[in-house]
Amino acid sequence: MAETAHETHGEEPHRRDFIHIAAMATGAVGVAATVWPFIDQMNPSGDTLALASIEQDISKVTPGQQLVVLWRGKPVFVRHRTPAEIAAAVKDDHADMRDPATDASRTKPGKQEWLILIGVCTHLGCVPSFGTGDYGGWFCPCHGSVYDTAGRIRKGPAPKNLELPDYEFTGPTKVKIG
Amino acid sequence: MSGHSTYEPKTSFERWLDVRLPILRMAHDTAIDFPTPKNLNYWWTFGGILAVCLVIQIVTGLVLAMHYVANAGLAFNSVEHIMRDVNHGWMIRYIHANGASMFFLAVYVHIARGLYYGSYKAPREILWLLGCVIYLLMMATAFMGYVLPWGQMSYYGAVVITNLFSAFDRLIPGVGTAITTWLWGGFAVDNATLNRFFSLHYLLPFMIAGVVGLHIWALHVPGNNNPTGVDVKSKEDTVPFHPYYTVKDAFAILVFLLLFSWFVFFAPEALGHADNQVPANPLVTPIHIVPEWYFLPFYAILRAVPDKLIGVLLMFSAIAMLFLLPWLDTSKVRSMRYRPMARWFFLIFIAATLGLGWCGGKLPDDVVIAVGQDAVSGEPTGFTVVMLSRVLATYYFAYFLLVLPLLGLFEKTLAVPDTISTPVLPKGGASMPTGATASPEKKG
Amino acid sequence: MTDLSMGFRTAFSRVRVSMLAVLAVALFGVAAQPALAKTTAREAEGVSFSFEGPFGVFDQAELQRGYKVYAEVCSACHSMKLLSYRDLAQAGGPFYDPKHPNLPPAQSPYAKAIAAQYKVSDIDHDTGDVIERTATPADHFRAPFPNEYAARAANGGALPPDLSVIARAREGGPAYIYKLLLGYEEPPKGMTVPDGKYYNPYMPGDMGSFWSGPKDKVPEGGFISMAKQLTPDRVQFDDKTPSTAENEAHAVATFLAWAADPHMVERKQTGLAVMLFLLVFTGLTYLSYRQIWRNVAH
């Protein structure tokens, strides 16, 4: 009896193995399917996603000033640029830059005075301070990245220009972000 | 039985690890090659089922804690946020909420199995006591977890249970009040109470996991009991845990999960109370407050006595009985399979406990057997729920304090087989191993 | 072992005697307790819904009708604080558009149009004043009263309950809601109805102290502070469903069932898949188990 109890190989090895393999494979599928809800619950929830777009009245932002609004938990810079700031940015369109971009590509046509950017340094996520740095754009206090008046990276460790959010003008001085 | 290890490291890494941290050896000896009686029936699969329950509760609980807010003003809404807006949040919460019930269902079967087959007897007393500690921790965890959604039942459950301790004022004046105030962190159950309950509800499951580790350790020293209650005498009484019991446990776990899933997906509120969907309101108590089903027998014992202190003491004694059990049962025979009288008393005990659970869910004055009619109100009078609770509670205690101690001295038991293998061997016992006729007292 | 347990037994014998004394007191001592209030209500029976059973689903047209009943009747007094306008357009909701399954609910034109009908209070970021602005899909349903005190003051001291989870928060759920809304009856002779209250046999209550008739014939049910609301033609349905009180009550009960459990259909469908999978897995494991154990006598 002892021999039979511990016997591990009998006749028809293939059919037996198939059942064990099928059971274990099914178990693996089950585990994989169970893991998904536990990962998916970490994605943004319904109420978070619902707040993903905001409408902002920008009529009170005077030239040379910027408005900072909170969008998706991050600051968005709405900068009303002076003609001099626009000219400075356009002049440098073809300068040697880490992340080349023209000034026109960073604003909406006919709305060149409005520069709307996500106010998060592309280096490690700090919020650059307004109107400081060598180019009069922004200067990031954390590690010294310098952005110009089009939000392009000019000096320092940041790899990319300040990001543009999805936005559109819903009126002359009304903008919908997201 | 926990003799020498059969682990043989196969790769050079395993050999390297084995002399530094023999964790693979431990896993091999406890879960792979552990010699397990070959006659374990399905009642023995509930240990594995309970392990799965604990893992499910901890994993889903961790996830819920990512979204839950332990604040009296926000808790109810944060639970609804989980139910409505968190991706798959409804599923995870319903698994956790019903998981508590499933956990208790499994633990009651597990305890009943231990009672029937005498698994608490020498040399497994520590194993049994650790199990009782786990059960206590489970009750504390479940109670505090039920408070967290901060509905009406949560709130008044917390109010009633914390007020139990005020009964101790009768023993030492001031002590009961001090304990309740200290539990509340205020003048009543409030935000401070909710916060500390959340903290402890998060902590206790890990303590349960720790005691489960000790419970398994204490199991592997004497090895499993088995339906005959006869000690393992030779290698031929056992099979290696893997694959024999891994696959049997897996099958049982899956059947259990079918039941579990039915509740989660098709009747998720069946074991809950509608009143707990109403946010906690300290100004209004729901008309009929009852604890969760798994506490109902104890609730019935509490209400069976008109005296507050005695009721509370009796309720705690009902649990204390389990702790004393290894020294209350005097029978030399472990398994009730060979104790025909004890088997009847056991069945009545199970029925009494279920009956107490039924009583716990009823109003104390509900009439079970109508005898007459009240002259004024016309309501039927007779044998009420509270009277039935008294009869059943008396039996509950008598089972532990009279039946088990006395029965072992007087009962006539059936012949106990010499070895586990004997009952299943063909007539004549063809391959009876030599030296397997040691006396049953050898282990004691 | 035997000596040890004997020792313990002697030690516990004294405890046992005192326990028995306690039990004896408990069983035969003071038996009578004051009679408890008996709450009664008529059973909510004889109504069925499309979403019952494991395969039941919500009828979207009825959900829309139910929302209309809520918006035009109930929302005058009852808040639904846990719901947002976007929820109406989520998968399975009253205004979900199956043609655009990937459109976020907050972008749904239906949710936007419904939200635009309401004003919610906010703070003007320039002046700090409290203002009323047009709601967006992300906003919660507009509450009829700014706070509980205002709600009580406007309703004779009674607080209209929030309806977000009402179908889960009442025994009987949607069937109870349906029956309660239609179940108003003339109070029977011998019943004193307090001012501002209405008799409804489906409302749980204890009529004992309001009843002068025979004590063994106390009517079931209780008083409710809400007058009968749903009458024929109270709500005109856009889909030509007759505006009977029954249809109105059935639709709003359906809507409230959805609002309390918006993932119900998803839950049951997931459940069917899970159960089928588990059945297959259990079957395979059982075969595996039989294979492994086939040579063991046990």
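Fair warning: this is a prediction, and the values are worked out from it, not measured in the lab.

S.K.: Got a sec to walk through the overall build of chain C? Specific residues and values, please.
M.R.: When helices and strands are counted, chain C shows eight helices and four strands. When its helices and strands are written in sequence order, chain C yields α-α-α-β-β-α-α-α-β-β-α-α. Put simply, chain C has 298 residues, and 41% of those count as buried. For chain C, the share of sequence-separated contacts (at least 6 apart) that also reach a separation of at least 24 residues comes to 59%.

S.K.: Could you give me a rundown of the environment of Gly221 of chain C, with the residues and numbers involved?
M.R.: All names here are of chain C. Along the chain, Gly221 falls in the loop between strand 3 (198–200) and strand 4 (222–224). Among the residues examined, Gly221 registers a relative accessible area of 0% and is labelled buried. In this structure Gly221 touches Thr40, Ala41, Tyr199, Asn200, Pro201, Met203, Gly205, Asp206 and Met207, once residues within four positions along its chain are discounted.

S.K.: I'd love a proper account of the domain arrangement of chain B, names of residues and values included.
M.R.: All names here are of chain B. By domain assignment, chain B separates into domain 1 (36–282) and domain 2 (290–418). Here the C-alpha centre of domain 2 lies 23 Å away from the C-alpha centre of domain 1. With 45 residues of domain 1 at the interface, the matching set in domain 2 holds 38 residues. Summing both partners gives a buried area of about 3,700 Å² for domain 1 against domain 2, and 68% of it is carried by carbon and sulfur. Among the residues domain 1 hides against domain 2, the three largest losses belong to Leu115, Tyr116 and Lys121. Together they make up 18% of the total. Linking domain 1 with domain 2 are three salt bridges, by the criterion used here.

S.K.: Just give me the short version of a nonpolar patch on the surface, but keep the residues and values in it.
M.R.: A contiguous nonpolar surface patch, about 380 Å² in accessible area, is contributed by Val31, Val35, Trp36 and Ile39 of chain A. With respect to the helices and strands, Ile39 of chain A occurs in helix 2 (residues 13–40).

S.K.: Go over the side chain of Arg124 of chain B, please, and point to the residues and values.
M.R.: Residue and element names in this part refer to chain B. Position of Arg124 among the secondary structure elements: in the loop between helix 5 (89–116) and helix 6 (125–147). Here Arg124 is buried and forms no salt bridge, its nearest opposite-charge partner Asp231 lying at an N-O distance of 4.5 Å. If we ignore the near neighbours within four places in the chain, the residues touching Arg124 are Ser119, Pro222, Gly223, Asn224, Asn225 and Arg334.

S.K.: Residue-level account of unusual backbone geometry, with values.
M.R.: Geometrically, the link from Ala122 of chain B to Pro123 of chain B is a cis peptide bond, its omega value of 5 degrees lying close to zero. Positive phi outside glycine occurs at Asp233 of chain C, with the angle close to 65 degrees. Locating Asp233 of chain C in the fold gives a position in the loop between strand 4 and helix 7 (245–260). Backbone geometry places Lys240 of chain C, a non-glycine residue, at a positive phi of 70 degrees. If you trace the backbone, Lys240 of chain C turns up in the loop between strand 4 and helix 7.

S.K.: Explain the packing of helix 6 of chain B against helix 7 (residues 152–164) of chain B to me, using residue names and the numbers behind them.
M.R.: All names here are of chain B. Relative to each other, helix 6 and helix 7 sit at 135 degrees, their axes nearing to 7 Å. If you check the angle between helix 6 and helix 7, you find them oblique. Contacts between helix 6 and helix 7 involve Phe143, Tyr146 and Val147 from the former and Met153, Ser154, Gly157, Ala158 and Ile161 from the latter.

S.K.: So what's going on with the interface of chain B and chain A? Which residues, and what values?
M.R.: With 19 residues of chain B in contact, the opposing surface of chain A contributes 15 residues. For the chain B and chain A pair, buried surface summed over both sides reaches about 1,400 Å², with 60% attributable to carbon and sulfur atoms. Looking only at chain B, the three residues that lose the most surface to chain A are Asp85, Asn87 and His88 of chain B, adding up to 32% of its buried area. On inspection of chain B and its partner chain A, the count reaches seven residue pairs in polar contact (both at pLDDT 80 or more).

S.K.: Tell me about the sheet that holds strand 8 (residues 153–155) of chain A, and please be specific about residues and values.
M.R.: Residues and elements named next belong to chain A. Pairing is antiparallel across the open sheet formed by four strands, whose spatial order is 5-6-7-8. The open sheet has two edge strands with one neighbour each: strand 5 (129–130) and strand 8. Looking at chain direction, strand 7 (residues 146–147) and strand 8 are connected through two bridges and run antiparallel. Counted as the bridge partner of Val146 is Lys155 from strand 8.

S.K.: Which residues make up the packing of aromatic side chains, and what are the values?
M.R.: In the structure shown here, the tally under the stated rule is 54 aromatic pairs over all chains. Centroid distance Tyr286 of chain C to Tyr289 of chain C: 5.9 Å. Interplanar angle 50 degrees. Geometry classified as tilted. Here Tyr286 of chain C pairs with Tyr289 of chain C, and both are found in helix 8 (residues 264–293), just three residues apart, close to one helical turn. Classification of Tyr289 of chain C by relative accessible area gives buried; the value is 7%. Chaining the aromatic ring pairs together yields one cluster made of Tyr67, Tyr70, Tyr85, Phe95, Tyr110, Tyr118, Phe141, Phe255 and Trp258 of chain C. A cation sits over an aromatic face here: Arg79 of chain A above Trp138 of chain A, 4.6 Å from the ring centre. Over the ring of Tyr167 of chain A we find Lys108 of chain A, and its NZ or CZ is 4.6 Å from the ring centre.

Quick notes on the rules
Residues numbered from 1 in each chain as written. Chains lettered and ligands numbered in written order. Predicted model: local features only at pLDDT ≥ 70, side-chain atom pairs only at ≥ 80, totals over all residues. Heavy atoms only, no water. Helix = DSSP H or I, 4+ residues; strand = E, 2+ residues; numbered from the N terminus. Buried < 20%, exposed > 50% of the residue type's maximum accessible area, 1.4 Å probe, protein only. Contact = heavy atoms within 4.5 Å. Domains from an automatic or database assignment. Buried area = accessible area lost by both parts, 1.4 Å probe. Salt bridge = Lys/Arg side-chain N within 4 Å of Asp/Glu carboxyl O. Patch = residues over 30% accessible without salt bridge, like charges linked within 9 Å, V, L, I, M, F, W, Y side chains within 5 Å. Areas by Shrake-Rupley, 256 points an atom, 1.4 Å probe, with all protein chains shown as cover. Lys, Arg positive; Asp, Glu negative; His and termini not counted. Axes fitted to C-alpha atoms, helices over the stretch in contact; angles between N-to-C directions. Parallel < 35°, antiparallel > 145°, perpendicular 65-115°, else oblique. Polar contact = N/O pair within 3.5 Å; in protein donor to acceptor, adjacent residues only side chain to side chain. Pairing = 2+ DSSP bridges. Phe/Tyr/Trp six-rings, centres within 6.5 Å; stacked < 30°, edge-to-face > 60°. Lys NZ or Arg CZ within 6 Å of the ring centre and 35° of its normal.

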